[in-house]
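# What the coordinates show
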Protein chains: 2
Amino acid sequence: MHDTDLEEHCISSEVIASGGMLTVKRDQVRLPSGHQSQREFVIHPGAVVVVPILPNGNIVFERQFRYALHQVFIELPAGKIDANEDILVTGQRELLEETGYSAQHWVKLGHQHPCIGYSNEVIHIYLAQNLTLGQHQRDEDEHLEVFELSLAQSMQMILNGEITDGKTIVAMLFAEKYLMQHG
Amino acid sequence: MHDTDLEEHCISSEVIASGGMLTVKRDQVRLPSGHQSQREFVIHPGAVVVVPILPNGNIVFERQFRYALHQVFIELPAGKIDANEDILVTGQRELLEETGYSAQHWVKLGHQHPCIGYSNEVIHIYLAQNLTLGQHQRDEDEHLEVFELSLAQSMQMILNGEITDGKTIVAMLFAEKYLMQHG
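For the structure given in this document, a descriptive report is provided here. Everything numeric in this text was worked out from a predicted model, so none of it was measured.

## Details of the sheet that holds strand 1 (residues 9–17) of chain B
The strands making up a sheet associate through hydrogen bonds between their backbones, and the pairing can be parallel or antiparallel. All names here are of chain B. Spatially, 3 strands are ordered 1-2-3 in an open sheet, and the strand pairing comes out antiparallel. Where the open sheet ends on each side, the last strands, each with one partner, are strand 1 and strand 3 (36–43). Mean inter-strand twist for the sheet, computed between neighbouring axes without regard to direction, equals 25 degrees. Sheet topology places strand 1 next to strand 2 (residues 23–30); 7 bridges connect them, and they run antiparallel. Bridge pairing links S13 to D27 in strand 2.

Structural data, given as structure tokens:
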């Protein structure tokens, strides 16, 4: 089957939520069958997640409360891409702001789409090595705890359900494969 | 830091989009600092993704157009949990509806949260073995193509960026670890 046999075409588009943090669109679409339907989805600027490798080989993680699920998650440093920002700069900025670390060596590992059913978000994945610790730039309303885990510990915590954040799991899959090859 | 030191408390809550496919809430919250802020997020019923293993060891995938990103994705069979539905039944129903396969042996591999920043979605991950092919139950408005890949092919396609769907990547990480242990 060709991609064009699966494609849906926009008939009209409206914004059904905006002004706050989330922009949500509702489009009327023409399906491949010729029938009409509607699609609703979140408009997202994209994000970058960083796997920061310490000199001892451990990885820098965060514990952060996530309101949508009302629980504390173990996550890698990550954040949204600012308007016109280069994605590498996003990674460097978020790592410094959230953890205080700067890195000399950055490797792009890949990208993923976390939520293809209802969001256009893409998450770019970087590995950061040769870390040096400076001063984090969290303000008093940004509450998170920074800590470290070994690669083996973090992979075990994914498999036993202690780490369930999708962007962190995907980034760790890429990081594990990379580190197996490059040490 | 204790979880309670990171927690945000709901002051008030409103629905800012509903009636279509997506329900979006906006809550006023009290931060740990005592300051007030707001959080917006999608309310989601949860979903199940299935890694279906064929008798020849290959895995059943789908090609499907996703409107939010306007591209065709390679995905594992998956779908939303219906009201009051057992998650195993969701997996069995979605696998049959989308691909025509039934499976005799089901293993729960884990779960993940794809989008903790703005959705309460959880995705449960199953492995399905001993497949038999019947008749799929897609209606004429459900357009997707079913095909198979080996484990090695699919892992390679994740690493080289041909498979970028987050739920599929996370499920394949769990499946690879499981199959390495159980064959």
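Structure shown, so let's carry the discussion forward.
## Describing the relation of the copies chain A and chain B
With an RMSD of 0.0 Å, the fit of chain A onto chain B corresponds to turning through 180 degrees and sliding 0.0 Å along the axis. The superposition operator between the copies reduces to a two-fold rotation axis. A symmetric contact is evident, with 100% of the interface residues of chain A recurring at the interface of chain B.

## Thoughts on the interface of chain A and chain B
Quoted interface sizes are often the accessible area lost when the parts come together. Contacts between chain A and chain B engage 67 residues on the former and 67 residues on the latter. Buried surface at the junction of chain A and chain B, summed over both partners, amounts to about 6300 Å²; 64% is from carbon and sulfur atoms. Summed over the shared surface of chain A and chain B, the number is 4 salt bridges. The residue K177 of chain B makes a salt bridge to E176 of chain A at a minimum N-O spacing of 2.9 Å. No other element matches helix 4 (residues 166–182) of chain A, which puts 8 residues into the side of chain A that touches chain B. Its residues assigned to classes, the side of chain A that touches chain B shows 31 nonpolar, 18 polar and 18 charged.

## Regarding the nonpolar core
The biggest cluster of nonpolar side chains holds 56 residues, and the ones touching the most others in it are V51 and L127 of chain A together with V51 and L127 of chain B. Excluding residues that lie within four positions of it along the chain, V51 of chain B makes contacts with I59, L76, Y126, L127, A128, A171, M172 and A175 of chain B.

## Points about unusual backbone geometry
Of note, the phi angle at N130 of chain A is positive, near 60 degrees, even though the residue is not glycine. Looking at where N130 of chain A falls in the secondary structure, it is placed in strand 9 (residues 123–133). Unusually for a residue other than glycine, N84 of chain B sits at a positive phi of about 65 degrees. Here N84 of chain B is to be found in the loop between strand 7 (78–80) and helix 1 (87–99).

## Regarding the sheet that holds strand 2 (residues 23–30) of chain A
Residue and element names in this part refer to chain A. Strand order in the open sheet formed by 3 strands is 1-2-3, with antiparallel pairing between adjacent strands. Because the sheet does not close on itself, it has two edges, and the strands there are strand 1 (9–17) and strand 3 (36–43). Across the sheet, the mean angle from the axis of one strand to that of its neighbour is 25 degrees, orientation sign disregarded.

## Re the pattern of salt bridges
All names here are of chain A. Evaluation of the coordinates by the stated rule reveals 26 salt bridges over all chains. We note a salt bridge from E8 to R39, for which the minimum N-O separation is 3.0 Å. Of the two residues, E8 sits in the loop between helix 1 (3–6) and strand 1 while R39 sits in strand 3, which places them 31 residues apart along the sequence. Residue E8 is classed as buried on the basis of its relative accessible area of 8%. Here D165 ties to K167 by a salt bridge, and the two come within 2.8 Å at their closest N and O atoms. Across this residue pair, the class does not change: D165 and K167 are buried.

## A closer look at the packing of aromatic side chains
The tally for this structure, following the rule as stated, stands at 6 aromatic pairs over all chains. Centre to centre, the rings of F41 of chain A and Y67 of chain B are 5.7 Å apart; their planes meet at 70 degrees, and the pair counts as edge-to-face. Of this pair, F41 of chain A sits in strand 3 while Y67 of chain B sits in the loop between strand 5 (59–66) and strand 6 (71–75), which puts the two residues in different chains. Y67 of chain B carries the same exposure label as F41 of chain A, and that label is buried. When the centroid spacing of 6.2 Å and the interplanar angle of 35 degrees are considered together, the rings of F61 of chain A and F147 of chain A count as tilted.

## Observations regarding the pairing of strand 5 of chain B
All names here are of chain B. In terms of residue burial, strand 5 counts as a mostly covered element, since 8 of its 8 residues are buried. Side-chain alternation along strand 5 places I59, F61, R63 and F65 on one buried face and V60, E62, Q64 and R66 on a second face that is also buried. For strand 5 and strand 10 (residues 144–149), the ladder comprises 6 bridges, and the chain directions are antiparallel. In the sheet register, Q64 faces strand 10, and the bridge partner there is L144. Of the pairings in the sheet, the one linking strand 5 to strand 6 comprises 5 bridges and is antiparallel in character. From the neighbouring strand, E62 faces strand 6, where its bridge partner is E75. Between the antiparallel neighbours strand 5 and strand 6 lie 4 residues, among them H70 with a positive phi of about 50 degrees.

Quick notes on the rules
- Residues numbered from 1 in each chain as written.
- Chains lettered and ligands numbered in written order.
- Predicted model: local features only at pLDDT ≥ 70, side-chain atom pairs only at ≥ 80, totals over all residues.
- Heavy atoms only, no water.
- Pairing = 2+ DSSP bridges.
- Helix = DSSP H or I, 4+ residues; strand = E, 2+ residues; numbered from the N terminus.
- Axes fitted to C-alpha atoms, helices over the stretch in contact; angles between N-to-C directions.
- Least-squares fit on C-alpha atoms with pLDDT ≥ 70 in both.
- Contact = heavy atoms within 4.5 Å.
- Buried area = accessible area lost by both parts, 1.4 Å probe.
- Salt bridge = Lys/Arg side-chain N within 4 Å of Asp/Glu carboxyl O.
- Nonpolar A, V, L, I, M, F, W, Y, C, P; charged D, E, K, R; others polar.
- Core = buried A, V, L, I, M, F, W, Y, C linked by side-chain atoms within 4.5 Å.
- Buried < 20%, exposed > 50% of the residue type's maximum accessible area, 1.4 Å probe, protein only.
- Phe/Tyr/Trp six-rings, centres within 6.5 Å; stacked < 30°, edge-to-face > 60°.

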